[in-house]
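Listed below are the residues making up each chain.
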Amino acid sequence: MLSAYLRRNNNSSSISDGKEKDLTAHYELRSCPIPSLNRKDYPPNTILVRTIAASICGSDLFGLGGCASCPEWRRPTALFNVMSEVCGGSGHEAIGIIVDMVPSESTPSQLSIGQKVLAMSTAYMYKVDSVREVIEKETGRDLSSVYPDQCGAFAEYFISHTSTCVKLPDSIPSMDFDPRWYVLAQPLGTILHACHKLGSVINANVAVIGQGQNGLIMTQMLANMGARRIIALDLLDERLSYSLKNKATHTIKVTTPINIDKIKQQVKAINDGKLCDVTIEMAGHQSNTIQLCSNLTRDGGKVLLFGLPPDKSESQMSIGYEDMARNLTYSCSHSPEMESFELAVELIERGICDPSGIFSHTIPFSRFVEAYQMANGYEDGVIKILLSMEEH
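Below is a short write-up of the structure. All values derive from a computational prediction rather than experimental measurement.

**A few points about the overall build of the chain**
Okay, step 1: The secondary structure content of the chain amounts to 12 helices and 15 strands.
Okay, step 2: Going through the 392 residues of the chain one by one, you find that 57% of them count as buried.
Okay, step 3: Long-range pairs, those at least 24 residues apart, make up 75% of the contacts in the chain with a sequence separation of at least 6.
Okay, step 4: Roughly 16,600 Å² of accessible area belongs to the chain as shown, and the carbon and sulfur atoms make up 48% of that amount.

**Remarks on the nonpolar core**
Okay, step 1: Of all hydrophobic cores here, the largest spans 98 residues; its most connected members are Ile 56, Met 218 and Leu 222.
Okay, step 2: Filtering out sequence-adjacent residues up to four positions away, Leu 222 remains in contact with Leu 198, Val 201, Val 206, Val 208, Ala 227, Ile 230 and Ile 280.

**Brief notes about the pattern of salt bridges**
When charged atoms on two side chains of opposite charge get close, those side chains can pair.
Okay, step 1: The final tally for this structure, using the stated rule, is 9 salt bridges.
Okay, step 2: One salt bridge in this structure joins Asp 277 and Arg 298, with 2.6 Å as the shortest N-O distance. Of this pair, Asp 277 sits in strand β11 (residues 276–281) while Arg 298 sits in strand β12 (residues 297–305), and the two are 21 residues apart along the sequence.
Okay, step 3: Note that Arg 367 is salt-bridged to Glu 370, the shortest N-O span being 2.8 Å.
Okay, step 4: On the basis of relative accessibility, which here comes to 38%, the residue Arg 367 falls in the partly exposed class.

**A word on unusual backbone geometry**
Okay, step 1: Cis peptide bonds are those with omega within 30 degrees of zero, and the linkage from Thr 256 to Pro 257 qualifies with -5°.
Okay, step 2: In this structure, Pro 257 sits in the loop between β10 (250–253) and α8 (260–270).
Okay, step 3: Here the phi dihedral of Asp 380 falls at roughly 60°; this positive angle occurs in a residue that is not glycine.
Okay, step 4: Residue position: Asp 380 is located in the loop between α12 (368–376) and β15 (385–388).
Okay, step 5: Note on Asp 380: relative accessible area 60%, which makes it exposed.

**Quick notes on the pairing of strand β5 (residues 116–119)**
Okay, step 1: In this sheet, β5 lies alongside strand β4 (residues 93–101) in antiparallel orientation, the contact comprising 3 bridges. Counted as the bridge partner of Ile 95 is Leu 118 from β5.
Okay, step 2: The sheet contact formed by β5 and strand β7 (residues 165–167) spans 3 bridges and is antiparallel. What sits directly across from Ala 119, in β7, is Cys 165.

**A look at the packing of helix α5 (residues 185–196) against helix α11 (residues 338–349)**
Okay, step 1: Across the interface, α5 lies against α11 with an axial gap of 8 Å and an inter-helix angle of 115°. Relative to α11, α5 is oriented roughly perpendicular. The crossing of α5 and α11 is right-handed. In this structure, α5 uses Ala 185, Gln 186, Leu 188, Gly 189, Thr 190, Leu 192 and His 193 to contact α11, whose residues at the interface are Ser 340, Phe 341, Leu 343, Ala 344, Val 345, Leu 347 and Ile 348.
Okay, step 2: When grouped by side-chain class, the residues that make up the contact of α5 with α11 number 9 nonpolar, 5 polar and no charged.

**Here we look at the packing of aromatic side chains**
Okay, step 1: In the structure shown here, the tally under the stated rule is 9 aromatic pairs.
Okay, step 2: Here the aromatic rings of Phe 154 and Phe 368 are separated by 4.8 Å at their centres, their planes lie at 45°, and the arrangement is tilted. Placement of the pair is Phe 154 in the loop between α4 (143–146) and β6 (157–161) and Phe 368 in helix α12, with a sequence separation of 214 residues.
Okay, step 3: Judged by relative accessible area, which is 0%, Phe 154 ranks as buried.
Okay, step 4: According to the relative accessible area criterion, Phe 368 is buried, its value standing at 0%.
Okay, step 5: Between Phe 177 and Trp 181, the ring centres sit 5.5 Å apart and the planes meet at 85°, which makes this aromatic pair edge-to-face. Per residue, the accessibility class of Phe 177 equals that of Trp 181, and both read buried.
Okay, step 6: Among the aromatic residues, those joined into a cluster by ring pairs are Tyr 27, Phe 154, Phe 365, Phe 368 and Tyr 372.
Okay, step 7: Against the face of Tyr 5 rests Arg 30, its NZ or CZ located 4.2 Å from the ring centre.
Okay, step 8: A cation over a ring is seen here: Lys 245 above Tyr 242, with NZ or CZ 4.4 Å from the ring centre.

**A closer look at the layout of surface pockets**
Okay, step 1: Put simply, the second largest pocket is a space of about 310 Å³.
Okay, step 2: Along the walls of the second largest pocket sit 13 residues, with Thr 162, Ser 163, Cys 165, Met 338 and Glu 342 positioned nearest its centre.
Okay, step 3: When residues of the lining of the second largest pocket are traced back to their parent elements, those giving at least two are β7 and α11.

**With respect to helix α6 (residues 213–224)**
Okay, step 1: Here α6 contains 12 residues, and its C-alpha end-to-end distance of 17 Å stays within 8% of the 16 Å for a straight helix at 1.5 Å per residue.
Okay, step 2: Across the 12 residues of α6, 10 count as buried, placing the element largely inside the fold.
Okay, step 3: Among the residues of α6, Gln 213, Asn 214, Gly 215, Leu 216, Ile 217, Met 218, Thr 219, Gln 220, Met 221 and Leu 222 are the ones counted as buried.
Okay, step 4: Count one or two residues on from α6 and you reach Gly 226, which has phi positive near 95°.

**Regarding a negative patch on the surface**
Okay, step 1: Together, Glu 133, Glu 337, Glu 339, Glu 342 and Glu 346 make up a negatively charged patch on the protein surface.
Okay, step 2: Looking at the negative patch, the element that brings in the most residues is α11, giving 3 residues.
Okay, step 3: Tracing the backbone shows Glu 342 in helix α11.
Okay, step 4: Note on Glu 342: relative accessible area 38%, which makes it partly exposed.

Rules and cut-offs
Residue positions are given per chain, counting from 1 as you read along its sequence in written order. For a predicted model such as this one, the threshold for reporting local features is a pLDDT of at least 70, and the threshold for listing and counting side-chain atom pairs is 80 or more; totals across whole chains, interfaces and linings nevertheless cover every residue. Side-chain metrics rest on all non-hydrogen atoms present in the structure, leaving aside hydrogens and water. In DSSP terms, a helix is any run of H or I states spanning at least four residues, a strand is any run of E spanning at least two, and both are numbered starting from the N terminus. Note on classification: 1.4 Å probe, protein chains only; a residue is buried when its accessible area is under 20% of the maximum for its type, exposed when over 50%, partly exposed between these limits. Should any heavy atoms of two residues lie within 4.5 Å, those residues are considered in contact. Surface accessibility follows the Shrake-Rupley procedure with a 1.4 Å probe radius. Residue values consider only the protein chains on display as shielding. As used here, the term nonpolar core means buried Ala, Val, Leu, Ile, Met, Phe, Trp, Tyr and Cys residues forming a set that is joined through side-chain atoms within 4.5 Å. Throughout this description, the term salt bridge denotes a Lys or Arg side-chain nitrogen within 4 Å of a carboxyl oxygen of Asp or Glu. Two strands form a pair only when DSSP identifies at least two bridges running between them. Here the axes come from fitting lines to C-alpha atoms, over the contacting stretch only for helices, and the angles between their N-to-C directions go from 0 to 180 degrees. Roughly parallel refers to an angle under 35 degrees, roughly antiparallel to one over 145, roughly perpendicular to one between 65 and 115, and oblique to any angle outside these ranges. A clockwise turn of the near helix away from the far one marks a right-handed crossing, whereas an anticlockwise turn of less than a right angle marks a left-handed crossing. Classes in brief: Ala, Val, Leu, Ile, Met, Phe, Trp, Tyr, Cys and Pro nonpolar; Asp, Glu, Lys and Arg charged; the others, Gly included, polar. Pairing of aromatic rings covers Phe, Tyr and the six-membered ring of Trp, with a centre-to-centre limit of 6.5 Å; geometry is then stacked below 30 degrees between planes, edge-to-face above 60, and tilted otherwise. Note on criteria: charge over ring means Lys NZ or Arg CZ within 6 Å of the ring centre, with the direction from the centre no more than 35 degrees off the ring normal. Here the term cavity refers to a set of points on a 1 Å grid, laid over the protein atoms alone, in which a 1.4 Å probe fits but cannot get out; the term pocket refers to an open set having protein on both sides within 12 Å along at least five of seven lines, with lining residues being those that place an atom within 4 Å of a point. Grid points are joined across faces, edges and corners, and a volume is the space filled by probe spheres set on the points. For a helix, the expected span equals 1.5 Å multiplied by the number of residues minus one. Patch membership requires over 30% relative accessible area and the absence of a salt bridge. Like charges are linked within 9 Å, and nonpolar side chains (Val, Leu, Ile, Met, Phe, Trp, Tyr) within 5 Å. Charge counting follows a simple rule: Lys and Arg are positive, Asp and Glu are negative, and His as well as the terminal groups are ignored. Charge positions come from single atoms, namely NZ of Lys, CZ of Arg, CG of Asp or CD of Glu.

Following this line, the structure appears as structure tokens:
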């Protein structure tokens with residue numbers, strides 16, 4: 001089978017302090033054996049998934065297209081040490097068909113061979129506490145002993161577990177719906193987990209900072225939740241054009257260096273002289289983006305932090321006294337439970353979330369390296385890439 005692996009160029013080892021992103025690190029495709037479930041120590045309900053489609057997340061990237069600030073385990077130097085030999089790399093958004101399963105007599109699964117599923121890879125289980133705990137509770141073993149060989153979903157086959165899968169429906173919401181778009185249920189699940197923290201946004205004025213792939217999904221869901229005004233902010237014109245397709249009511253192009261006072265006045269002009277009831281950070285929250293969110297939010301309003309946080313390059317996120325005195329409520333969102341992904345599949349099936357305004361490119365997995373470089377460098381107006389395995 002084909003699988004993606006990280007490779008290191010000769011000059012990439014020069015970056016060791018974690019303060020800048022290494023653009024010389026890239027993936028390569030290799031041919032490798034299909035994983036086997038014949039090992040006796042795999043727990044019951046472990047499955048082998050043949051990938052139908054995968055997609056590249058902003059957290060998979062470390063170039064211009066990557067998150068504004070990523071945690072240490074996502075940095076290139078850490079990826080080389082942890083995932084350079086991981087089959088499938090950091091891929092974690094994937095759908096596929098169950099082709100093999102370790103049977104269970106005590107806890108038989110409702111899933112079976114031949115069914116299509118949204119599946120979490122073992123590499124993803126390691127990074128998300130709520131997913132990892134599902135496996136460890138069921139097996140009574142540490143995940144490192146359950147699945148010592150991590151595998152990501154940037155591969156034609158990968159190992160998963162039925163407790164971290166969601167069965168996909170046979171139906172589609174419209175005639176022009178591509179069934180491969182169900183892969184969007186993974187990022188949508190993380191958005192739904194975040195939206196749950198907001199409470200009602202009916203008739204609210206909301207600003208969304210960052211209109212990458214997840215920012216666009218958030219924008220669309222806020223419209224579905226009844227927000228009155230949805231103001232999308234981004235650095236790139238092409239992303240703001242996608243914002244309008246995903247039901248933003250207004251857009252603001254941000255320029256660097258960021259002029260907070262100017263943006264604040266633009267928001268007030270849109271909101272009849274008022275600031276936003278809710279501001280959502282979707283770009284990777286550092287102190288400067290948190291400050292922007294705070295400044296765009298009315299007294300007593302809410303700030304939701306979704307983007308990946310900083311690590312050693314900025315060990316703390318600062319909230320000023322003035323913002324504290326204004327009684328702002330700050331919430332963070334990470335590690336959704338599987339119920340969020342189950343709901344995500346249902347919302348896509350019902351047509352409530354429309355993936356057509358999110359995917360900008362569909363590329364065969366055999367051209368994964370090209371696709372990754374495109375996403376990593378903001379090339380060709382990329383928003384989100386759907387990787388299709390069907391040519392194999």
